[in-house]
Structures are given as structure tokens and as C-alpha cells.
2 protein chains.
Amino acid sequence: MAGTKDRIVGTTGELFRRQGYTGTGLKQIVAEAGAPFGSIYHFFPGGKQQLAAEVIRTSGRAYQQLVEAILDQAPDAVTAVETGFAAAAETLVATGYADACPIATVALEVASTDETLREATADVFAAWVDSGATRFERWGFGPADARRLAIVLITSLEGAFVLCRAARSTEALTAAASAVTAAVRAAQAGVSSPEER
Amino acid sequence: MAGTKDRIVGTTGELFRRQGYTGTGLKQIVAEAGAPFGSIYHFFPGGKQQLAAEVIRTSGRAYQQLVEAILDQAPDAVTAVETGFAAAAETLVATGYADACPIATVALEVASTDETLREATADVFAAWVDSGATRFERWGFGPADARRLAIVLITSLEGAFVLCRAARSTEALTAAASAVTAAVRAAQAGVSSPEER
DNA sequence: GTCTATAATACGATAGAC
DNA sequence: GTCTATCGTATTATAGAC
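Residues numbered from 1 in each chain as written. Chains lettered and ligands numbered in written order. Predicted model: local features only at pLDDT ≥ 70, side-chain atom pairs only at ≥ 80, totals over all residues. Heavy atoms only, no water.

Undergrad: How should the nonpolar core be read in this particular structure?
TA: Ranked by internal contacts, the top residues of the largest apolar core, which has 142 residues, are Phe136(A), Leu173(A), Phe136(B) and Leu173(B). Not counting residues up to four positions away in its chain, the partners in contact with Leu173(B) are Phe85(B), Ala88(B), Ala89(B), Leu92(B), Leu157(B), Ala160(B), Phe161(B) and Cys164(B). (Core = buried A, V, L, I, M, F, W, Y, C linked by side-chain atoms within 4.5 Å. Buried < 20%, exposed > 50% of the residue type's maximum accessible area, 1.4 Å probe, protein only. Contact = heavy atoms within 4.5 Å.)

Quick look at the structure:
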């Protein structure tokens, strides 16, 4: 089965991840999705922008669930972080450094050019932060630390993706993971400033 | 003065930072640079790709010197990190969340679509890492830790830029800074893996 | 070298037959 | 609801006058 609309959203998500928003044409989308051109404007009367908004939210939700599945298997925060970054590195290599964050490229493109789509990316990131914070709280951190660590986790992952895709190397993911675990351990020790040791 | 070529490169850099590579047209570039259209192909026979390659390397070098100037004023690594992230946040707010990393958007766009430009972005990031590593060595870290911390610094900055520009908030930069300082302090303590405590 | 006009093509979007 | 043909307008790139 797989309805035409879902097929359009799915392939658009893959194309956005590799080529970005402005770099992906509607013609290419329908060609790769095996859909007639008119279907886009039938399902998305708002055109490319409306399609993009739905793609951002859909792929953002899917990626969140993927990461949650990995994090929820880990017994503690440090293990979760290490497993998550290792999985990200594996995916990156397996896809020829193409499949990293599904919305980062689009997020940077639209941040200063399209307010509607910027809000869509902001909503996705906010949901990711909430999801991560919930898990850090489960692992015993207070609300403030949990939120901060969730942001650290996501920013480190996003930044590493940028360097890894450019350099075609996973080194940045390894380095970033070490910083996140350092931040986690510092919070576990109850200090976000130095002192003891 | 300011030669036509330099003016084209400069405005292209500003446009790339806000709109990305595919989102910026050559017509818009010459219009904003106050240059005739033909000048682009006079100075850059290779067209948009050659112009982009030069813009990536030029703006990458400029941003590196800007960051180095900030880092070199700090007495120690932690102060340098904190000052650097604070400066980035100030710039971000002052420019309406437009001026973050000059090449990140382009780097993600071309990573899987243009091998020539991907290499240009990779070279820039590599130079940044070397520059940062040199400074961490100056602050007393061994070569391996220095390189790792430099990568941590850059990835954290890049990732925070993504979230900050999307959310129009500097919270991610603050959180990211705390992780970098945690990583720096962990390296200072001589442990990058757990054990003692 | 500077600048303009234009070619060839791709874009997003629309109209309308089926 | 599916599909095609097409409309304007963008794009990159080129040719050629000055």
C-alpha cells in the first residue's frame, strides 16, 4: 500500500536530509516518489512550504522515536550517551555520511529566510529537548541539569554531524561523546563548577 | 576602493551564511554587491562552484582569525571557552540570529552533493581544529587531548548555532559552553575515562 | 575589463482534461 | 482524486558590444 501522500513525505524527507530545502525540487520529489506532479498540490495546497513543514515534523518525530528506543535500553546516562553516539557513527558510515540529522540542513537554511519553517524546526528541537530531559530525570538528575544535559546531547550530536559529514570521518562524534559524558559526570558529582577532586 | 572581486566574495559570504548555497542566486549576489553580472564569470570562470569554493575558504579563514583573537586574550582554557561562547551569543543576538557560523549551512548542503565544495569545507574545519589544538597545547594539554578538545569546542559551537538559530534563543550556547568546560576540566584532571572518584 | 542582452534550462505553481 | 500540459519566473551560463 503506502499512500501517495506518505510516499511523497517520505522521499521528500530523504531528499531534504541530503540536499536541503532549496536544493530539492518538486519535480525531483515526484519523480523519485513515483507520484504525479499534481499530487503535491492536491495533498499540499500550500505548495512546497506546506509540504516541507509536514516533512520537518514527521521526520523529526520519527528520529526522536529512533533515539528514544536507543536511550531507553541503556541502564544509565553515560552508557546511553556512548551507545547513542556509537549508533550515530555506524549509521553515518553505513550511508556514506549522508544520513545524519533529518532536519539540520533545512533548519539552517530556513532559520533566517522562512519564519513558518523556522518555527517547525524549533518545535522539533524543543520536543527533542523535552524527550531527552525526561530521560535524564529518570536517570536521577534534577530538572535544570536534565534539561541542560539534553541540550548538550543534542547540540553535540548536531555539531559532530556537521564536521563528520564534511570530513567524512567519525572522529568528531567520538570527541563529542567524550564531552557529553564529561558533562554528565560533572553533573553527577553535583558540581557544574570545579572545586573538589 | 575594495575591488569588485573582493566585494563579490564578501557579499556572497554574507548571503551564504543566511540563505545557504542553493538558496543564493548569482543575480542576487551581483545586485547586492553592486557589480555587473559578467564580473562573476570574469573573476570566476568556473561559475558558481568556483566562487563558492573561494568564499568558503576566505570566510573560513576570517572567522578563524576572529576566534583566535578572542581565545588568545584569555589566560586559561576555561576562561577562553567561556569568553568565546559568550561572544558568539552576543553576535547572534545582535544580528537577529543570522550571523553564526559562516560555512555551516553550505557545509551541510554540499556534503552529499558537491565533492569539490565538500572538500573546501573539510579543509576549513581541519584548519580550525589545528588552530584550536595549538592553543589547547599552549594551555598545557597533551597533543591528543588538545586535538580532542578543539574538536569538542568546534562541534559544540556548531551544534549550538543550529539550535539557537532555530529557537531564536541563546540557551543552547550556554548549555554547550558548560559541556566544553566540563570536558576541559576532566582533561585537566588527567582522566578522559571514568575510574577513580 | 566592464557591462548588457540573451540563451537554455529548471523552478514553483496552475489549469483543466480525464 | 489522478495525471498532464503549460504558464511565468527564476536559475546558471554565454556571447558580444563597448
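Undergrad: Help me understand the side chain of Asp114(A), please; the structure alone is not making it clear to me.
TA: All names here are of chain A. If you trace the backbone, Asp114 turns up in the loop between helix 6 (104-110) and helix 7 (115-138). Buried charge without a salt bridge: Asp114, with Arg118 as the nearest opposite-charge side chain at an N-O distance of 8.4 Å. Of the polar contacts made by the side chain of Asp114, one reaches the backbone nitrogen of Thr116; its length is 3.2 Å. (Helix = DSSP H or I, 4+ residues; strand = E, 2+ residues; numbered from the N terminus. Lys, Arg positive; Asp, Glu negative; His and termini not counted. Salt bridge = Lys/Arg side-chain N within 4 Å of Asp/Glu carboxyl O. Polar contact = N/O pair within 3.5 Å; in protein donor to acceptor, adjacent residues only side chain to side chain.)

Undergrad: In this structure, what is going on with the side chain of Thr12(B)? I would like to understand it.
TA: Secondary-structure assignment places Thr12(B) in helix 1 (residues 4-19). When neighbours within four sequence positions are excluded, Thr12(B) is seen to be in contact with Ile29(B), Leu51(B) and Val55(B).

Undergrad: For this particular structure, what's the right way to read the relation of the copies chain A and chain B?
TA: Rotating chain A by 180 degrees and translating it 0.0 Å along the rotation axis places it on chain B, where the RMSD comes to 0.0 Å. Both copies are brought into coincidence by an operation consistent with a two-fold rotation axis. Distance from the rotation axis, computed per C-alpha, reaches its smallest value in chain A at Gly159(A): 1.8 Å. Interface overlap between copies is the fraction of interface residues in one copy that are interface residues in the other; for chain A against chain B it reaches 96%, indicating a shared surface. (Least-squares fit on C-alpha atoms with pLDDT ≥ 70 in both.)

Undergrad: Looking at this structure, I do not really get the interface of chain A and chain B. What am I missing?
TA: A common way to report how large an interface is uses the accessible area buried once the components associate. Of the residues lining the interface, 50 residues belong to chain A; the matching set on chain B comes to 50 residues. For the chain A and chain B pair, buried surface summed over both sides reaches about 4100 Å², with 65% attributable to carbon and sulfur atoms. Joining chain A to chain B, the criterion identifies two salt bridges. Linking chain A to chain B there are 11 residue pairs in polar contact (both at pLDDT 80 or more). No other element matches the 15 residues that helix 8 (residues 143-167) of chain A contributes to the side of chain A that touches chain B. Of the residues that constitute the side of chain A that touches chain B, the class distribution is 25 nonpolar, 13 polar and 12 charged. (Buried area = accessible area lost by both parts, 1.4 Å probe. Nonpolar A, V, L, I, M, F, W, Y, C, P; charged D, E, K, R; others polar.)

Undergrad: Explain the protein's contact with DNA strand D here, please?
TA: Taken together, 13 residues are adjacent to DNA strand D, and Leu26(B), Lys27(B), Phe37(B), Tyr41(B) and Lys48(B) come closest. Across the atoms of DNA strand D situated within 4 Å of the protein, the share located in sugar and phosphate is 53%. Note that a phosphate oxygen of DNA strand D is positioned 3.5 Å from one of the backbone N or O atoms of Thr24(B). By residue number, the principal contributor to the surface near DNA strand D is helix 3 (residues 37-43) of chain A, which donates four residues. Classifying every residue of the surface near DNA strand D by side-chain character gives six nonpolar, five polar and two charged. (Near = heavy atom within 4 Å.)

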